[in-house]
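# Topology and contacts: notes
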Amino acid sequence: MKKDLVVITGGNSGLGLELVKLFSKKYEVLVIARTKREELSGGLYKYGDICNEEFVKGLYSSIAEKYNICYLVNNAAVGAFGSPETNNLKKIDAVLGAGLCGLILNTTYALPLMKVKGGKIVNILSSAALKGNVNESLYCAAKWGGRGFTESLKTTYKGTNIKVIGVYPGGMDTAFWNNNRDYVPEEKSVKWMNPADVAKVIYDNITNNALCVADIVIERV
């Protein structure tokens, strides 16, 4: 008999890591991350680029005989901020790669492992998917694209055993901003939401089978 499995991308820091900690208390968790980190607890970690189709395809093929995916949490993201006049192909590939192309590829190859028993696809987007923000043209492009993909999935799988949830959190105090301190200095981000608190809100809502949650918007106070 196949085992249930939770898959989380971008799970070695920030919100993703907090979700891994919560899910690991009850489920087996496969964490897909780009870079290795030490002293991580909970979950089986696989490292690679979710924009690399061969990596993604091979990963899901390797677990197909043993697991059904009960939750797929697409959390991986890359940020690049600044004037639209500073955009270039390197930035475009980085931001849209992880935040949009990777999300789509990961979902594509995970879906066959969800169809028998059913499951939930949880796309962690951003409040930037709900509005256009100054100096966030690439980030908004990735998140708006992810939102469109999410809404299409909802329509495609409506009435089936696969449920799709879009999550739209505001700014959190995570390592996501370490490479973007010219845009968000540390003294600003430390006042933002704690990723552990945000993860708890997400986890409690998506694992409550008595409710049908379509979207979760979490704003800073």
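Above this text is the structure in question.
Now for a description of the structure that goes with this document. (Residues numbered from 1 in each chain as written. Predicted model: local features only at pLDDT ≥ 70, side-chain atom pairs only at ≥ 80, totals over all residues. Heavy atoms only, no water.)

## Side note on the overall build of the protein
Operational definition: Helix numbers and strand numbers start at the N terminus; a helix is a DSSP run of H or I with at least 4 residues, a strand a run of E with at least 2. Here the globule rule is a power law, 2.2 Å times the number of residues to the power 0.38, and the radius of gyration is based on C-alpha atoms. Think of it in three bands: residues with accessible area under 20% of the maximum for their type are buried, residues over 50% are exposed, and the middle band is partly exposed, with areas taken using a 1.4 Å probe on protein chains only. Note on contacts: a residue pair qualifies if any of its non-hydrogen atoms lie within 4.5 Å across the two residues. Only the protein chains shown count as cover for residues, with accessible areas throughout obtained via the Shrake-Rupley method and a probe of 1.4 Å.
A count of helices and strands for the protein gives 6 helices and 7 strands. Tracing the protein from N to C terminus, the helices and strands come up as β-α-β-β-α-β-α-β-α-β-α-α-β. The C-alpha atoms of the protein give 17 Å as radius of gyration, which agrees with the globular expectation for 221 residues (17 Å, within 12%). Its C-alpha atoms give the protein principal-axis dimensions of about 50 × 40 × 35 Å. The buried share of the protein, taken over its 221 residues, is 48%. Of the contacts made within the protein by residues no fewer than 6 positions apart, 66% connect residues no fewer than 24 positions apart. When the accessible surface of the protein is summed, it comes to about 11,100 Å², and 52% of that surface belongs to carbon and sulfur atoms.

## Details of unusual backbone geometry
Despite not being glycine, asparagine 135 has its phi angle at roughly 65°, a positive value. A relative accessible area of 31% places asparagine 135 in the partly exposed class.

## Describing the pattern of salt bridges
The criterion, for reference: Salt bridge, as used here: a side-chain nitrogen of Lys or Arg that lies within 4 Å of a carboxyl oxygen of Asp or Glu.
Tallied over the full model, the rule gives 7 salt bridges. Between lysine 3 and glutamate 28 there is a salt bridge, with its nearest N and O atoms 3.6 Å apart. Pair noted here: lysine 3 is in strand β1 (residues 3–9) and glutamate 28 is in strand β2 (residues 28–33), with a separation of 25 residues, a long-range link. Aspartate 215 serves as the salt-bridge partner of lysine 154, at 2.8 Å between the closest nitrogen and oxygen. In this pair, lysine 154 is assigned in helix α4 (residues 137–156) and aspartate 215 in strand β7 (residues 215–218), connecting sequence segments 61 residues apart. A residue is classified by how much of its surface remains accessible, and aspartate 215, at 38% relative accessible area, is partly exposed. One salt-bridge network, in which partners are shared between bridges, spans Glu151, Lys154 and Asp215.

## With respect to helix α1 (residues 14–23)
Of all 10 residues that make up α1, 8 are buried, and the element is covered over most of its length. Turning to α1, its buried residues number three or more, namely Leu15, Gly16, Leu17, Glu18, Leu19, Val20, Leu22 and Phe23. The elements touched by buried residues of α1 are β1, β2, β3 (44–47), β4 (67–74), β5 (119–124) and α6 (195–206).

## Some details on the environment of valine 201
Locating valine 201 in the fold gives a position in helix α6. Using a relative accessible area of 34% as the deciding quantity, one classes valine 201 as partly exposed. Along the chain, valine 201 and serine 24 lie 177 residues apart, while their C-alpha atoms are 16 Å from each other.

## Thoughts on the packing of aromatic side chains
Going by this rule: Stacked, edge-to-face and tilted labels apply to pairs of Phe, Tyr and Trp rings (six-membered ring for Trp) whose centres lie within 6.5 Å, assigned for plane angles under 30 degrees, over 60, and everything in between, in that order. Counted as over-ring charges are cases with an Arg CZ or a Lys NZ within 6 Å of the ring centre that also lie within 35 degrees of the ring normal.
Per the counting criterion, the structure on display carries 6 aromatic pairs. Between tyrosine 27 and tyrosine 71, the ring centres sit 5.7 Å apart and the planes meet at 75°, which makes this aromatic pair edge-to-face. Of this pair, tyrosine 27 sits in the loop between α1 and β2 while tyrosine 71 sits in strand β4; the two residues are 44 residues apart in sequence, bridging distant segments of the chain. Put simply, the rings of Phe23, Tyr27, Tyr71 and Tyr203 touch in pairs and so form one group of aromatic residues. The aromatic ring of tryptophan 144 is capped on one face by arginine 147, whose charged end is 5.8 Å from the ring centroid. Over the aromatic face of tryptophan 192 sits the side chain of arginine 220, whose NZ or CZ is 4.4 Å from the ring centroid.

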